[in-house]
Amino acid sequence: MEGKRGSECLLKPVSNIDFNPKELGLDKSTVLALDVEAQDLPWKTTAEVNVFLKQLKANGFSNVITYGSGSWFTEKRIDRAELIDNHIWVAAYGVNQPGIDDTNAWQYTDNYEGLNVDASLDFDGSLSGSGIVIRPVKPEYYQTPGLYEATQSVIHQFNDVQFKSKRHTRLIKGSRFYATPIKYGEIYRLSTPTGYYTANKDKVKFIFAVKAGGK
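Computed from a prediction, not measured in an experiment: that's the story for all the values here.

Peer 1: Residues and numbers for the overall build of the protein chain, please.
Peer 2: Helix and strand counts for the protein chain come out as two helices and 13 strands. For the protein chain, the accessible area works out to roughly 11,600 Å², and carbon and sulfur atoms hold 49% of it.

In C-alpha cells, the structure reads:
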C-alpha cells in the first residue's frame with residue numbers, strides 16, 4: 001500500500017490532554033496515527049505517547065498506530081514494549097528493511113518516484129484498517145556495469161545519489177542507457193555521466209555487461 005489513509009496527530013509536550021477526534025467529525029473506525037517526532041519532546045517520550053493513546057482509546061478509537069523514526073524505536077525514545085498499543089509505523093529511508101521486528105507499517109521514502117511525497121508499506125492493514133496482511137517484498141537491485149533498459153513508463157534522472165535533486169532528463173519505457181551501479185546505504189543506484197537512475201529490478205532491465213567505464 002502506498003501512502004496513508006486516516007488521520008494523523010502530531011504529539012507535542014503535554015501534561016494534560018483533552019482531545020476527542022469525534023469533534024473533528026471522525027467516526028470510531030478511523031485509523032489515527034500519532035506522529036512522534038517533535039524535537040522539543042523529552043528524550044524518553046513513551047509516557048507522553050501513552051497519555052495520548054489512552055485519550056484516543058477512552059473516546060472509542062481503537063485503530064491507533066504510533067509513527068516515529070526507526071532510531072527513536074531502536075534507542076527506546078519510544079519503547080514499544082511499554083506502549084499501551086504496540087502498533088507502530090516506522091520511518092526508515094535508504095534501507096531495504098524497516099529495521100524493527102514485526103513493524104506494522106514502514107515509511108520507506110519521502111521522495112517516491114521523484115515526486116517529493118512519502119510512501120509506505122502497510123504490512124498488516126494497520127494503516128488502512130482493512131486487516132489485510134501484505135507480505136513485504138524485499139526490493140532487488142542490479143550491481144553489474146552494463147547496458148540497461150527502462151521498463152516503467154517514465155524513470156527520472158537525479159543529480160545526486162540521494163535522489164533529492166531531480167533533473168529535467170527522463171527516460172521513457174524502452175530507452176536504453178549505459179550505467180555503473182554504485183552502493184548507497186543498503187541499496188544501489190545506476191550512475192551515468194550525467195546523473196543517477198534507480199537500479200531497482202522492478203523499474204529497469206539489465207541487457208548485457210560491460211567493463212566499468214566502458215561500452
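Peer 1: Can you tell me about the pairing of strand 12 (residues 195-198), naming the residues and giving the values?
Peer 2: Successive residues of a regular strand alternate their side chains across the two faces of the sheet. The sheet contact formed by strand 11 (residues 187-192) and strand 12 spans four bridges and is antiparallel. Within strand 12, the residue paired with Leu 190 across the bridge is Tyr 197.

Peer 1: Tell me about unusual backbone geometry, residues and numbers included.
Peer 2: One non-glycine residue, Lys 76, adopts positive backbone phi at about 65°. If you check the backbone angles, Phe 163 has positive phi at about 60° while not being a glycine. Structurally, Phe 163 is set in the loop between strand 8 (154-158) and strand 9 (166-172).

Peer 1: Now, about the confidence of the model for the protein chain: what can you tell me, with residues and values included?
Peer 2: On average, residues of the protein chain score 86 in pLDDT, and 86% of them reach the 70 mark or higher. Of the regions scoring below 50 in pLDDT, residues 1-6 engages in 20 contacts with residues more than four places distant in sequence or in other chains.

Peer 1: Describe the packing of aromatic side chains, naming the residues involved and giving the relevant values.
Peer 2: Applying the stated rule across the entire model yields nine aromatic pairs. Where Tyr 67 meets Trp 89, the ring centres are 5.1 Å apart and the plane angle is 75°; that geometry is what we call edge-to-face. Here Trp 89 lies in strand 4 (residues 88-91) and Tyr 67 lies in strand 3 (residues 64-69), a separation of 22 residues in the sequence. The interplanar angle of 35° and the centroid separation of 6.0 Å between the aromatic rings of Tyr 142 and Phe 206 together place this pair among those described as tilted. Here Tyr 142, found in the loop between strand 6 (119-122) and strand 7 (146-150), pairs with Phe 206, found in strand 13 (residues 204-209); they are 64 residues apart in sequence, far enough to count as distant. The exposure class assigned to Phe 206 is partly exposed, which follows from its relative accessible area of 28%. Each member of the aromatic cluster is reached from another via a ring pair, and the members are Tyr 142, Tyr 148, Phe 177, Tyr 197 and Phe 206. Note that Arg 77 overlies the ring of Trp 72, its terminal NZ or CZ placed 3.7 Å from the centroid. Here Arg 189 stacks its cationic end above the ring of Phe 163, 3.6 Å away from the centre of that ring.

Peer 1: A description of helix 1 (residues 46-58) should follow, citing residues and the corresponding values.
Peer 2: With 13 residues, helix 1 should reach 18 Å at 1.5 Å per residue; the first-to-last C-alpha distance of 18 Å fits that figure. Buried within helix 1 are the following residues: Thr 46, Glu 48, Val 49, Asn 50, Phe 52, Leu 53, Gln 55 and Leu 56. Count one or two residues on from helix 1 and you reach Gly 60, which has phi positive near 90°.

Peer 1: Residue-level account of the pairing of strand 6, with values.
Peer 2: Because side chains alternate across strand 6, one face comprises the buried residues Ala 119 and Leu 121, and the other comprises Ser 120 and Asp 122, equally buried. Pairing of strand 5 (residues 105-109) with strand 6, which is carried by four bridges, proceeds in the antiparallel orientation. Bridge pairing in strand 6 links Gln 107 to Ser 120.

Peer 1: Give me the lowdown on the pattern of salt bridges, citing residues and values where you can.
Peer 2: Under the criterion given, the structure shown has six salt bridges. With a closest N to O distance of 3.1 Å, Asp 85 and Lys 57 form a salt bridge. A residue pair is termed long-range when its members are at least 10 positions apart, and Asp 85 in the loop between helix 2 (70-74) and strand 4 and Lys 57 in helix 1 qualify at 28 residues. When its relative accessible area of 31% is taken as the criterion, Lys 57 is described as partly exposed. For the salt bridge of Lys 164 with Asp 110, the shortest nitrogen-to-oxygen distance reads 3.2 Å. Residue Lys 164 is found in the loop between strand 8 and strand 9, and its partner Asp 110 is found in the loop between strand 5 and strand 6; the two are separated by 54 residues along the sequence. Judged by relative accessible area, Asp 110 falls into the partly exposed class, the value being 28%.

Reading the values: the criteria
Residues numbered from 1 in each chain as written. Predicted model: local features only at pLDDT ≥ 70, side-chain atom pairs only at ≥ 80, totals over all residues. Heavy atoms only, no water. Helix = DSSP H or I, 4+ residues; strand = E, 2+ residues; numbered from the N terminus. Areas by Shrake-Rupley, 256 points an atom, 1.4 Å probe, with all protein chains shown as cover. Pairing = 2+ DSSP bridges. pLDDT = per-residue confidence, 0-100. Contact = heavy atoms within 4.5 Å. Phe/Tyr/Trp six-rings, centres within 6.5 Å; stacked < 30°, edge-to-face > 60°. Buried < 20%, exposed > 50% of the residue type's maximum accessible area, 1.4 Å probe, protein only. Lys NZ or Arg CZ within 6 Å of the ring centre and 35° of its normal. Expected span 1.5 Å × (residues − 1). Salt bridge = Lys/Arg side-chain N within 4 Å of Asp/Glu carboxyl O.

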